[in-house]
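So you can see what is in the structure, the chains are spelled out below.
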Amino acid sequence: MHYTGLIEKYRDRLPVAAGTRPVSLNEGGTPLIELVNLPRLIGKRVRIFAKFEGLNPTGSFKDRGMTMAVTKAVEAGARAIICASTGNTSAAAAAYAARAGIACFVLIPEGKIALGKLAQAMMHGSVVIQIRGNFDDGMRLVQEIAKTMPVSIVNSINPFRLQGQKTIAFEVIEALGDAPDYHALPVGNAGNITAHWIGYSEAVCQNTLACALCEGRCGHHRTKIATRRPIMLGYQAAGAAPLLRGRPVENPETVATAIRIGNPVSWQQAVAAQRESGGWFGECADEEILRVQKLLAQAEGIFCEPASAASVAGLIQDLNAGRVKEGSTIACTLTGHGLKDPDTAIAQCEAPVTVAAERGAIERVIRENLNI
Ligand code: F0G
């Protein structure tokens, strides 16, 4: 059957009514790709699977949350949505607002979002407001503004966002037949780790109690689809690691601009997920994030954005430290596509060679590279 997005697919597990009409771009259904070379390269006997969320319609996992948030906003009669963003949320909000025919306002930190994400927000016709401040300032401002202006917040403090994003867990379970031993992901505003944990928890639950969000219409606890939950591993960039420090970071800084966040709104829920799962938070240096981003691109053919690579970079650290056990099955969420941030990618690579438009010149380059 023609796939029409995650609300249709998981209607019975989401807080939507029978008559709810999804605002969808056929998001979800992303591939779970086994990393076939990396375990050998790092000398570890493990199976690692990448949930490549860069293959969503706007190139990140945000589409999963946005289909729910915008569907519910439209259903409630909203004519405008608003978000603060490090880039991906704004790209998704802009696209889904365009689809729904409503207005979209996005607050972004001036000069600190990747080029592709800025292009998306602009191209989809949202009103892009650059602030002379960081994401945390933007997050505070949208919460204040939504109290007085007719705009609906689509950041992950909107519970429908997390409901959409929890479907990542369902899809991983379907692909593997059960939950993995570990699930690693990057953590910024901490909505996604919270959403993963909701998904994994509902997957093992047979409780038929009414869902608090939909007052019992969804019945999404009905069938158990997994026998266990994974250990959750949340990785932050070293310069933006409030969950590790145990306190907000005033001036977060990292090359992984998507997770350049010092005071995550879902802090408590993220800590709960970590504790309940027996997992932990880790931090990755920017150099390590970039090294692993390139490794995934060159050893596996998967081009994710820097923030996404933090999941695998952190995992490698913890495998080397013996904290993650060999013999395990691990899922890593690669949250966004590498094409979103061409500047950071190009800056890491050697410039292309430029030669005359002659056969001999090109043959020379091939010989040099193949050492023949
Ligand atoms: N990876 C990418 C590519 C992201 O864009 C984000 C968050 C995260 C990971 C972290 O997810 O915030 O749920 O912990 N980006 C948000 C944005 C903040 O505005 O696009 P989180």
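A few points on the structure. These numbers come from a predicted model, not from an experiment.

### Considerations on helix H11 (residues 267–277)
Every α-helix winds through 3.6 residues per turn, so residues three or four apart in the chain are directed the same way. Within H11, burial applies to Trp267, Ala270, Val271, Ala273, Gln274 and Ser277. The arc enclosing the buried residues of H11, seen along the axis, measures out at 155 degrees, which places them on a common side. Looking at H11, the residues exposed on the side facing more than 90 degrees away from the buried face are Gln268, Arg275 and Glu276. In this fold, the buried residues of H11 make contact with helix H9 (191–203), strand S8 (231–237), helix H10 (242–245) and strand S9 (280–284). Just downstream of H11 lies Gly278, where phi reads positive at about 75 degrees.

### A short note on the pattern of salt bridges
Side chains that differ in charge, positive against negative, can pair when their charged atoms come close. Overall, the coordinates contain 18 salt bridges when judged by the stated rule. Among the ionic pairs, Lys51 bridges to Glu171, the shortest N-O distance being 2.6 Å. In this pair, Lys51 is assigned in strand S2 (residues 47–52) and Glu171 in helix H8 (residues 167–176), connecting sequence segments 120 residues apart. Given a relative accessible area of 2%, Lys51 falls into the buried group. The partner of Arg64 in a salt bridge is Glu171, with the nearest N and O atoms 2.9 Å apart. Placement of Arg64 in helix H3 (residues 62–75) and of Glu171 in helix H8 is noted, with a sequence separation of 107 residues between them. By relative accessible area, which is 6% here, Glu171 ends up buried.

### Some words on the packing of H8 against H9
As a packed pair, H8 and H9 sit with axes 7 Å apart at the nearest point and diverge in direction by 50 degrees. Here H9 runs oblique to H8, going by the angle between their axes. The interaxial crossing formed by H8 with H9 has right-handed handedness. Every residue of H9 that contacts H8 at Ile168, Ala169, Phe170, Val172 and Ile173 is listed here: Asn192, His196, Gly199, Tyr200, Glu202 and Ala203. A per-class count over the contact of H8 with H9 returns 7 nonpolar, 3 polar and 1 charged.

### Description of the site of the ligand
Around the ligand sit 20 residues in total, of which Ser85, Asn189, Ala190, Asn192 and Thr335 are the nearest. Take Asn189: an N or O atom from its main chain is 2.7 Å from an oxygen atom of the ligand. At 2.7 Å from a nitrogen atom of the ligand is found a side-chain nitrogen or oxygen belonging to Thr335. Considering the ligand on its own, with 470 Å² of exposed area, one finds that the protein chains cover 99% of that surface. Among the secondary structure elements, those contributing two or more residues to the shell around the ligand are helix H4 (88–100) and H9. Split into classes, the residues belonging to the shell around the ligand amount to 8 nonpolar, 10 polar and 2 charged.

### Quick look at helix H6 (residues 135–148)
Its 14 residues place the ends of H6 21 Å apart at the C-alpha level, agreeing with the 20 Å of an ideal helix rising 1.5 Å per residue. Inspection of H6 places Phe135, Asp136, Gly138, Met139 and Val142 among the buried residues, and these make up the whole buried set. Projected onto a plane normal to the axis of H6, the buried residues spread over an arc of 160 degrees and lie on a single side. Exposed side of H6, more than 90 degrees from the buried face: Lys147 and Thr148 are the residues found there.

### Thoughts on the packing of helix H12 (residues 286–300) against helix H13 (residues 306–320)
Running from N to C, H12 and H13 point in directions that differ by 100 degrees, and their axes come no closer than 8 Å. Classified by the interaxial angle, the pair formed by H12 and H13 is roughly perpendicular. Judged by residue contacts, Glu288, Ile289, Leu290, Val292, Gln293, Leu295 and Leu296 of H12 engage Pro306, Ala309, Ala310, Val312, Ala313, Ile316 and Gln317 from H13. Of the residues assigned to the contact of H12 with H13, the class counts are 11 nonpolar, 2 polar and 1 charged.

Parameters at a glance
- Every chain's residues receive numbers from 1 upward, in the order its sequence appears when written.
- Where totals are concerned, whole chains, interfaces and linings use all residues; where local detail is concerned, this predicted model gives features only for residues with pLDDT of at least 70, and gives and counts side-chain atom pairs only at 80 or more.
- Excluded from the side-chain calculation are hydrogens and water; included are all heavy atoms of the structure.
- Accessible area is worked out with a 1.4 Å probe on protein chains only. A residue is then buried under 20% of its type maximum, exposed over 50%, and partly exposed in between.
- Only DSSP runs of H or I covering at least 4 residues are called helices, and only runs of E covering at least 2 are called strands; the numbering of each starts at the N terminus.
- By construction, the arc corresponds to the directions joining the helix axis to the C-beta atoms.
- What makes two residues a contact is simply this: any of their non-hydrogen atoms within 4.5 Å.
- A side-chain nitrogen of Lys or Arg and a carboxyl oxygen of Asp or Glu constitute a salt bridge if their distance falls within 4 Å.
- Only the contacting stretch of a helix is used when fitting its axis, a line to C-alpha atoms as for every element, and angles between N-to-C directions run 0 to 180 degrees.
- Roughly parallel means an angle under 35 degrees; roughly antiparallel means over 145; roughly perpendicular covers 65 to 115; every other angle is labelled oblique.
- Whether a crossing is left-handed or right-handed is set by the direction in which the near helix is turned from the far one by less than a right angle, anticlockwise for left-handed and clockwise for right-handed.
- Each residue is assigned to one class: nonpolar for Ala, Val, Leu, Ile, Met, Phe, Trp, Tyr, Cys and Pro, charged for Asp, Glu, Lys and Arg, and polar for all the others, Gly among them.
- Residues are counted as near a molecule or strand when any one of their heavy atoms sits within 4 Å of it.
- What qualifies as a polar contact is a pair of N or O atoms within 3.5 Å, subject to a donor-acceptor requirement within protein and to the restriction that residues adjacent in sequence count only when both atoms come from side chains.
- Only the protein chains shown count as cover for residues, with accessible areas throughout obtained via the Shrake-Rupley method and a probe of 1.4 Å.
- Every helix has an expected span of 1.5 Å times one less than the residues it contains.

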